[in-house]
Every structure is written in C-alpha cells, then in structure tokens.
Amino acid sequence: AYMTDKQDWPLVYDCVSTLTRGLAVPVTCKIRLQPSLEDTLGFASLLQRAGCSMLVVHGRERGNTVNRRFGPANLDHIKRIKEFISIPVITNGNVRTSADILRNLQYTKCDGIMVGEALLSNPASFSPLLHLFNSPSTPRFHPTISSFLPIDPYILACDYLHFVRLYPPLLLSDTILSNNHHIDAFDAVHISA
C-alpha cells in the first residue's frame with residue numbers, strides 16, 4: 001500500500017518500467033483500491049502501460065495503523081479493473097471458504113485468486129477444490145498427496161515449514177508477527193485432535 005498516493009504515481013511508473021526493461025522475468029504488481037473507482041482504474045492502467053505483466057488487486061483501500069481493513073473487499077471494483085485492462089488480473093479479498101473462491105472468480109472473471117490469512121489457520125481449507133485441477137495437463141505440486149481429497153493440514157504445515165527452512169525470509173516482518181494467532185489456533189486444533 002506504499003507509494004499509491006497520486007503524487008507517487010510517476011515514481012511508481014518509473015520503477016515498474018525500469019524493472020520491466022532491465023529484467024528478463026515478468027514484473028507483477030499488487031495494489032489496493034484507490035479512494036475512487038476512476039483513480040483505481042487510472043492506477044491500474046498506469047501500471048499496465050509501465051510494463052506490469054500481471055496485476056493483483058486487493059479489494060480494499062489502504063488501511064491505517066489501527067484498522068488494516070474495513071469491511072468486505074469491493075469485488076465490483078475488481079471486476080471493473082479486469083474489464084478495463086488487458087493484462088491478467090488476480091483478485092484478492094473476501095475469501096474464507098472454498099465456495100468463496102468459486103463465487104469470487106465467477107463474479108470478477110479474474111484470471112486467478114490470491115488468498116492470505118484464511119489459509120494461515122488451516123492451510124488445507126481449500127483442498128475440496130483440488131478436484132477441479134485434477135487433469136493430465138495440470139501438474140501436481142504436492143508430492144505427498146495420493147488423492148485430491150482432503151489434504152492433511154499437519155502434512156501441509158510440515159511441508160510449509162520445510163520450505164521456510166530451505167528459503168528463510170530475509171527479515172521477520174510485522175505482518176508475520178501479527179498473524180501468529182492463526183498459527184496458535186492451528187496448533188490448538190491439531191494437537192487436541
């Protein structure tokens with residue numbers, strides 16, 4: 001949510017276009033909604049013109065130090081962004097269950113979905129949807145799954161911790177620290193089960 005004020009847009013454009021010209025990999029961006037739909041569409045368009053190859057849109061405006069989010073994500077605005085620009089758009093927000101994923105994607109017509117905190121308390125909560133991706137052309141990313149229903153949250157958490165050890169974060173952010181309650185909740189449920 002940094003550098004999203006209108007006065008920062010020229011700098012954002014310069015950063016994205018410089019990265020796009022200097023890197024051999026696609027440059028993606030993630031934004032939050034601007035105070036108006038018109039400004040949000042303008043910002044998304046600016047990022048596309050700068051060379052952004054995929055845009056992730058969190059459907060809420062930037063929060064403050066007291067409230068990181070207020071109310072539900074505005075899927076109407078995400079849908080309008082998808083209609084307005086030509087690069088792939090990933091929707092983010094309003095996902096707590098696997099049914100929410102389908103509703104969100106069907107409504108916004110986005111190219112994908114990003115989920116955050118809902119997966120922290122139960123990383124396997126969306127495993128009922130895996131059958132949608134069970135085809136010969138779809139790679140199976142999870143080596144411990146012998147079938148697509150359901151994933152054991154404990155195995156998934158162990159796999160996650162394995163990757164954290166292999167690729168440790170460069171720094172421990174406030175966001176990670178602020179989400180420890182999800183990990184504690186997962187431990188409490190799994191240990192008592």
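Report on the accompanying structure. (Residues numbered from 1 in each chain as written. Predicted model: local features only at pLDDT ≥ 70, side-chain atom pairs only at ≥ 80, totals over all residues. Heavy atoms only, no water.)

Topic: unusual backbone geometry
Inference 1: Backbone geometry places Asn94, a non-glycine residue, at a positive phi of 65°.
Inference 2: In this structure, Asn94 sits in the loop between β3 (89-92) and α4 (98-108). (Helix = DSSP H or I, 4+ residues; strand = E, 2+ residues; numbered from the N terminus.)

Notes on the pattern of salt bridges
Inference 1: Counted according to the given criterion, the structure contains 4 salt bridges.
Inference 2: In this structure, the salt-bridge partner of Asp39 is Lys6, at a minimum N-O distance of 2.9 Å. Of this pair, Asp39 sits in helix α2 (residues 37-50) while Lys6 sits in the segment before α1 (9-22), placing them 33 residues apart in sequence.
Inference 3: Residue classification places Asp39 among the buried residues on the basis of a relative accessible area of 18%.
Inference 4: One salt bridge connects Asp100 with Arg103, and the closest N-O pair in it is separated by 2.4 Å. Here Asp100 pairs with Arg103, and both are found in helix α4, just 3 residues apart, close to one helical turn. (Salt bridge = Lys/Arg side-chain N within 4 Å of Asp/Glu carboxyl O. Buried < 20%, exposed > 50% of the residue type's maximum accessible area, 1.4 Å probe, protein only.)

Structural notes on the nonpolar core
A general feature of soluble globular proteins is that nonpolar side chains tend to end up buried together.
Inference 1: Membership of the largest hydrophobic core comes to 23 residues, with the highest contact counts inside it found for Val16, Leu47, Leu55, Val57 and Ile81.
Inference 2: For this core, the secondary-structure elements that each account for two or more residues are α1, β1 (28-33), α2, β2 (54-61) and α3 (75-84).
Inference 3: In this view, Leu47 contacts Val12, Val16, Cys29, Ile31, Cys52 and Leu55; residues no more than four positions away in its chain are not counted.
Inference 4: The next biggest cluster of nonpolar side chains, apart from the first, holds 5 residues, and it includes Val95, Ile101, Ala118 and Leu129. (Core = buried A, V, L, I, M, F, W, Y, C linked by side-chain atoms within 4.5 Å. Contact = heavy atoms within 4.5 Å.)

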